[in-house]
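Each chain, letter by letter, is given below.
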Amino acid sequence: MGGWWRRWFGRRRGEDLDTLRRRYERFQHLLEGNNRVLELIADAGEKLGGDHLFDRSYLEALTGDLERTVSGVVFDLNAMTDGRHPELVDAFERIHERVRSVLTPGEVAESELVLPLAQVDLDLVDAVGGKMATLGELGRRLDLPIPPGFVVTAGACHRHFRASGLNREISLQAERLARDGDSVEEVAEHLQGMVRQVSPDREVARAIRQEIRRADRAGSRFAVRSSALGEDAEHSFAGQHETLLNVSASEAVEAWREVVASLFSSQALRYRTERGLGVADALMPVGFVTMVPARASGVVHTVDPAAPQRDVMVVSSTLGLGPSVVQGASPVDRFELSREPCPRILSRHVADKELRLVARSGGGTEQAPVAASERTVASVYDDELVELALMARRIERHGGQHQEVEWAVDDAGRVVILQARGLRIQLSPTQERAATRELSRLLDGHPVLFRDAGVIACRGVGAGPVVVIRTPDDLSGFPQGGVLVAQSASPRYSSVLGRASAVVTNVGASTGHLAAVARELRVPTLLDVRGATDVLAEGMEVTVDAEENVIYPGVVDELLRFHLSNPPHEVEYEEFRLLRRLLRGIAPLNLHDPDAEGFRARSCATYHDVVRFAHEMAVRELVEMPGLRGQDRRRFVRRLDLPIPLDLDLIDLGGGLAEGDRSRLSAEEVRSAPLSALLRGLAAPGSWRTEPVDMDMGSLIGSATRFTSLATPDASQVRPNLAVITSDYLNLHLMLGYHFNLVDCHLSASPSENYIYFRFHGGVTEITRRSRRARMLASILEEYDFAVETKGDLVVGRLRDLGWDPMAHRLEMIGRLIGYSRQIDVLMRDEGAVRARAREFVASEPARLDDVSPPVPTAGS
């Protein structure tokens, strides 16, 4: 008892009403800033979809608005907490400096010269180039098998050019090219000669050697691959730059310099000048990936480039290393597979393969003869083909367009992805118009399950079998390509988004955390689709068109093909590239679990992290809000009369009660939306049990050893039950016998402002039964979409980002649960009681008692 009292008063012994009100006003302002940041992130993500054009002034305004708003959130948190979070100020300054540098002309970050491939994804495309960013994305986001390795960044190349003076010569030669387009060969020979003559920058060379030692790869052999900025993005640069195979660790620095030199090969310079690309600012990130001991290798196209209308995948393969397949230098095996969820091999052509490319013992590669018994045998097995096809389809879904994927099968039969790029299918204008007309005709006659029923959180088109998530256990074994359907947009679903083809929820907002992760992973997502879980049944195949906000029954192949063949072209504009770089320091959310060791201010890496951390710390501050002191308690505390045996004192910080100065009030005079919702549940018929509960000998002994008396605790130790309220806020502390309940919540018409924090602990019986009661409560809370933690008899539930109706519904449930659980630990005699009582509670949910729509503002309110 004394411990609970100390937790309540330990930090501050009580404050005057004005201080409490100011603290809450700071919280309100922090909430507004948090919501503004989430709205700006959502808007910026929407602009990357390609439907909205913008210029540099938008980017400047975005960064300025975010800077002011996030700094305001940081200030508000420290004002609420008496300056207890100075590290968040440091984190904000660090992130702000990085974000601002993106818009600084000519700025190239040299701080990270080498990056492990395991840390690379598409957010780092401007540091590592498109080729290596895509490969890292496949490993990091999709968990596909890729070779281990690292990338020597664009910053390293920039440093090398700057420190050696090469940048001045490159600029001069670029001007010469602009004047005389016929000088390509001379310029190429001059620049490549200079790059090869200049010693590698010492810091870059040291970083390469250190990374090799750090990863314990001194004995490894590497494929050293070009990844020039722009390569494999809007411009393919196919075959224009150097790739070196079977490079030893001791040769790594020289190999890096050689690949950098290929940036200025005659074919690369000609490619750049013909397309109007700059030469003076060209940079070459270089990837070092461990050589795969390839038994076979090749390329898979997720659609036949020569006949895309046939809707088949094409695999080309050979024995040994794969360059011969890409270069078309020797005969290859060719397989066609269906694009079904379980691909079938439709045809096979096995070539006579006389030679295979292999790694030479001293470095480099050589051709080796193929044994006569292997020459006309397929280079890959059927199960490897199916596995490869499934991987390629995952890459295609993630990339939002058809793909060309390079791969290898190692000597253990493991399929490894080496590279992936978008497959450009060129249609004539006439063909494009005909395809559009045909698709419109087909969709006009197709049945529709939902149209314009929700909000688009991430654009795209996805299809597959419906997987309805009702409890956290449903997430285990989530199938690849399933359409995730759920009641709410819970952040805990983020763990399976990488396997989902689409997401549909009954409630949710595009500014929520699940929406942010969906955009990060490019998963088509529709939120706030009322009735989705009623209409979309488990196992039902559907197509989710998150471009037009439509859900169709069945798999609409024509729509999927059209979408994959017509991807958005945002990368063709400089502003889109800058926005993607900006969002790298703004949008990703790295702080997910508030109870994790890494959930701290110094771990914040983005603006999103900063506001997430600030929101959580602000809620914790309000959770432990102290009571009023002295005279203010007597002047401002009101007593609430309820139809149940419960005394509840109220402190109104604004708009929570009807006007008047009476010391005792009825429930009808409560204007606080969250308290009203909770009271509806608490006073609902059957919620508050008054009949005595039989206590068996185990409970009696347990209670006797825990407390000196089974009577109500001594009045001198008991703090009155207290609710601090406003029109849309509730901080409630209840002590019912030996059960301690805490509810801190916000309920408004804005989903991104709404949250519930619920904490329950205590009880009269021994710890075994109290722990069972905790598991029962956790099971019930999870049924209502709470993220739950338990430890002994302590239960903590968190919920956020739901709209008014679903949040009010859950507050009513919390009220019922508080009443239901008052004496329930006595009945927790075995594990079966945990499940039985949880089912009983959920099944007993009454019909909604009142209209819980948000109040309509009136003049002057």
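In every chain, residue numbers begin from 1 and rise along the written sequence. Owing to the predicted nature of the model, reporting of local features is limited to residues with pLDDT of at least 70; listing and counting of side-chain atom pairs is limited to 80 or more, with chain, interface and lining totals taken over all residues. Excluding hydrogens and water, the side-chain values take into account all heavy atoms of the structure.

As a further point, take the overall build of the protein. Under the DSSP-based scheme used, a helix requires at least four consecutive residues in state H or I and a strand at least two consecutive residues in state E, with every element numbered from the N terminus. Each helix and strand in the protein was counted, giving 25 helices and 30 strands. Residue exposure (1.4 Å probe, protein chains only): buried if accessible area is under 20% of the type maximum, exposed if over 50%, otherwise partly exposed. In the protein, which comprises 861 residues, the proportion classed as buried is 55%. Expressed as a percentage of contacts within the protein between residues at least 6 apart in sequence, the contacts between residues at least 24 apart total 67%. Approximately 36,200 Å² of the protein is accessible, and the part contributed by carbon and sulfur atoms is 49%. In what follows, residue pairs with any heavy atoms lying within 4.5 Å of each other are defined as contacts. For every accessible area listed, the method is Shrake-Rupley and the probe measures 1.4 Å; residues are considered covered only by the protein chains on display.

Ring geometry is summarised as follows: Phe, Tyr and Trp rings, the Trp one being its six-membered ring, pair when their centres sit within 6.5 Å, and such pairs are stacked at plane angles under 30 degrees, edge-to-face over 60 and tilted between the two. Under the criterion given, the structure shown has 13 aromatic pairs. Ring geometry for F54 against Y58: centres 5.3 Å apart, planes inclined by 55°, an arrangement best described as tilted. Of the residues examined, Y58 reaches a relative accessible area of 16% and is grouped as buried. Note on F758 and F760: the rings are 6.5 Å apart at their centroids and 45° apart in plane angle, and the pair reads as tilted. The buried category is assigned to F758, whose relative accessible area is 1%. By the ring-pair criterion, three or more aromatic residues cluster together here, those being Y24, F27, Y729 and Y755. Any Lys NZ or Arg CZ that is within 6 Å of a ring centre and within 35 degrees of that ring's normal is treated as a charge sitting over the ring. In this structure, R816 packs its charged tip against the face of F841, placed 4.2 Å from the ring centre.

A word on the sheet that holds strand β4 (residues 243-248). Strand pairing in a sheet relies on backbone hydrogen bonds. The paired strands run either parallel or antiparallel. A sheet is described by the order of its strands in space; here 5 strands give the open sequence β1-β2-β5-β3-β4, paired in antiparallel fashion. Each having just a single partner strand, β1 (114-116) and β4 make up the two edges of the open sheet. Strand-to-strand twist across the sheet, computed as the mean angle between neighbouring axes with direction ignored, equals 20°. Strand pairing follows a simple DSSP-based rule, namely that at least 2 bridges must link the two strands. Two elements, strand β3 (residues 221-226) and strand β5 (residues 286-290), share 5 bridges in a ladder whose sense is antiparallel. Paired with S226 across the strands is V286, a residue of β5. Axes here refer to lines fitted to C-alpha atoms; in helices the fit is confined to the stretch in contact. Angles between the N-to-C directions go from 0 to 180 degrees.

Attention now moves to the nonpolar core. One recurring pattern in soluble globular proteins: nonpolar side chains tend to sit buried together. In plain words, nonpolar cores are sets of buried Ala, Val, Leu, Ile, Met, Phe, Trp, Tyr and Cys residues tied together by side-chain atoms within 4.5 Å. Membership of the largest hydrophobic core comes to 58 residues, with the highest contact counts inside it found for F27, L88, L579 and F613. Elements represented by at least two residues in this core include exactly α2 (17-47), α3 (56-80), α4 (86-102), α18 (574-584), α19 (607-623), β25 (722-725) and β28 (755-762). If one sorts the elements of this core by residue count, α2 sits on top with 10 residues. Filtering out sequence-adjacent residues up to four positions away, L88 remains in contact with V74, L77, A601, C604, V610, F613 and A614. Formed by 55 residues, the second largest nonpolar core is a distinct cluster that contains L646, A673, F786 and L817.

Turning our eyes to something else, we now look at helix α13 (residues 382-399). What a helix should span is 1.5 Å times the count of its residues minus one. With 18 residues, α13 should cover 26 Å at 1.5 Å per step; its first-to-last C-alpha distance of 26 Å lies within 8% of that length. Buried within α13 we find E384, L385, L388, A389, M391, A392, R393, R394, I395, E396 and H398. Downstream of α13 by a residue or two, G400 has a phi angle that is positive, lying close to 70°.

Attention shifts here to the confidence of the model for the protein. Of all residues in the protein, 86% have pLDDT values of 70 or greater, and the mean over the chain is 83. Per residue, pLDDT captures the predictor's confidence, and it can take any value from 0 to 100. Here residues 1-13 is modelled with pLDDT under 50, and outside its nearest four sequence neighbours on either side it reaches 33 contacts, counting other chains as well. A low-confidence stretch, residues 848-853 (pLDDT under 50), is modelled with 14 contacts involving residues beyond four sequence positions or located in other chains.

With respect to the helices and strands, A518 occurs in helix α15 (residues 513-521). Relative accessible area serves as the criterion here: at 1%, A518 is assigned to the buried category. Considered as a pair, A518 and V503 are 15 residues apart in the sequence and their alpha carbons are 8.4 Å apart. Excluding residues within four positions of it along the chain, A518 makes contact with C458, L497, V523 and T525.

As a further point, take the pattern of salt bridges. Throughout this description, the term salt bridge denotes a Lys or Arg side-chain nitrogen within 4 Å of a carboxyl oxygen of Asp or Glu. Enumeration over the complete set of coordinates arrives at 52 salt bridges. We note a salt bridge from R206 to E203, for which the minimum N-O separation is 2.4 Å. Of this pair, R206 and E203 both sit in helix α9 (residues 202-214), 3 residues apart, which is roughly one turn of the helix. The partly exposed category is assigned to E203, whose relative accessible area is 35%. Notably, a salt bridge pairs E616 with R798, separated by 3.4 Å at the nearest N-O pair. Of this pair, E616 sits in helix α19 while R798 sits in strand β30 (residues 794-800), and the two are 182 residues apart along the sequence. For the pair shown, E616 and R798 are each scored as buried.

Despite not being glycine, D311 has its phi angle at roughly 55°, a positive value. Residue placement: D311 occurs in the loop between β6 (294-301) and β7 (312-319). Although it is not a glycine, R522 adopts a positive phi angle of roughly 60°. Structurally, the position occupied by R522 is in the loop between α15 and β19 (525-527). Overall, R522 belongs to the partly exposed group, its relative accessible area being 29%.

Now for the side chain of N754. By the element assignment, N754 lies in the loop between β27 (739-746) and β28. The exposure class assigned to N754 is buried, which follows from its relative accessible area of 1%. Other than its neighbours up to four places away in sequence, N754 contacts H746, L747, S748, L799, R800, D801, L802, G803, W804 and M807.

Here 9 strands make up an open sheet; going across it, the order is β24-β22-β23-β25-β26-β27-β28-β30-β29 and the pairing mixed. Each edge of the sheet is formed by a strand with only one pairing partner; in this case those strands are β24 (664-666) and β29 (787-791). When the angles between neighbouring strand axes are averaged without regard to direction, this sheet yields 20°. Each of β27, β28, β29 and β30 is contacted by helix α23 (residues 767-783), which is oriented at about 10° to β30, the strand it contacts most.

Let us look at the packing of helix α7 (residues 166-179) against helix α8 (residues 184-197). Running from amino to carboxyl end, α7 crosses α8 at an angle of 175°, the nearest separation of the two axes being 10 Å. Considering the angle they form, α7 stands roughly antiparallel to α8. Of the residues in α8, those touching α7 at L166, E169, I170, Q173, R176 and L177 are V184, E186, V187, H190, L191, M194 and V195. Residue classes in the contact of α7 with α8 are distributed as 8 nonpolar, 2 polar and 3 charged. Roughly parallel covers angles under 35 degrees, roughly antiparallel covers those over 145, roughly perpendicular covers 65 to 115, and oblique covers all other angles. Residue type decides the class: Asp, Glu, Lys and Arg count as charged, Ala, Val, Leu, Ile, Met, Phe, Trp, Tyr, Cys and Pro as nonpolar, and the leftover types, Gly among them, as polar.

This brings us to empty space enclosed by the protein. Over the atoms a probe the size of a water molecule is rolled, and this reveals where empty space is left. Cavities and pockets are defined on a 1 Å grid built over the protein atoms alone: a cavity is a set of grid points where a 1.4 Å probe fits but cannot escape, while a pocket is an open set with protein on both sides within 12 Å along at least five of seven lines, and lining residues are those with an atom within 4 Å of any such point. Grid points are joined across faces, edges and corners, and a volume is the space filled by probe spheres set on the points. Under the counting rule described, the total for this entry stands at 4 cavities of 30 Å³ or more. Its boundaries defined by the atoms lining it, the largest cavity holds a volume of some 130 Å³. As for the largest cavity, its lining consists of 16 residues, of which R394, R397, H398, A500 and V523 are closest to the centre. The element best represented in the lining of the largest cavity is α13, accounting for 3 residues. A class-by-class count of the residues in the lining of the largest cavity yields 7 nonpolar, 5 polar and 4 charged.

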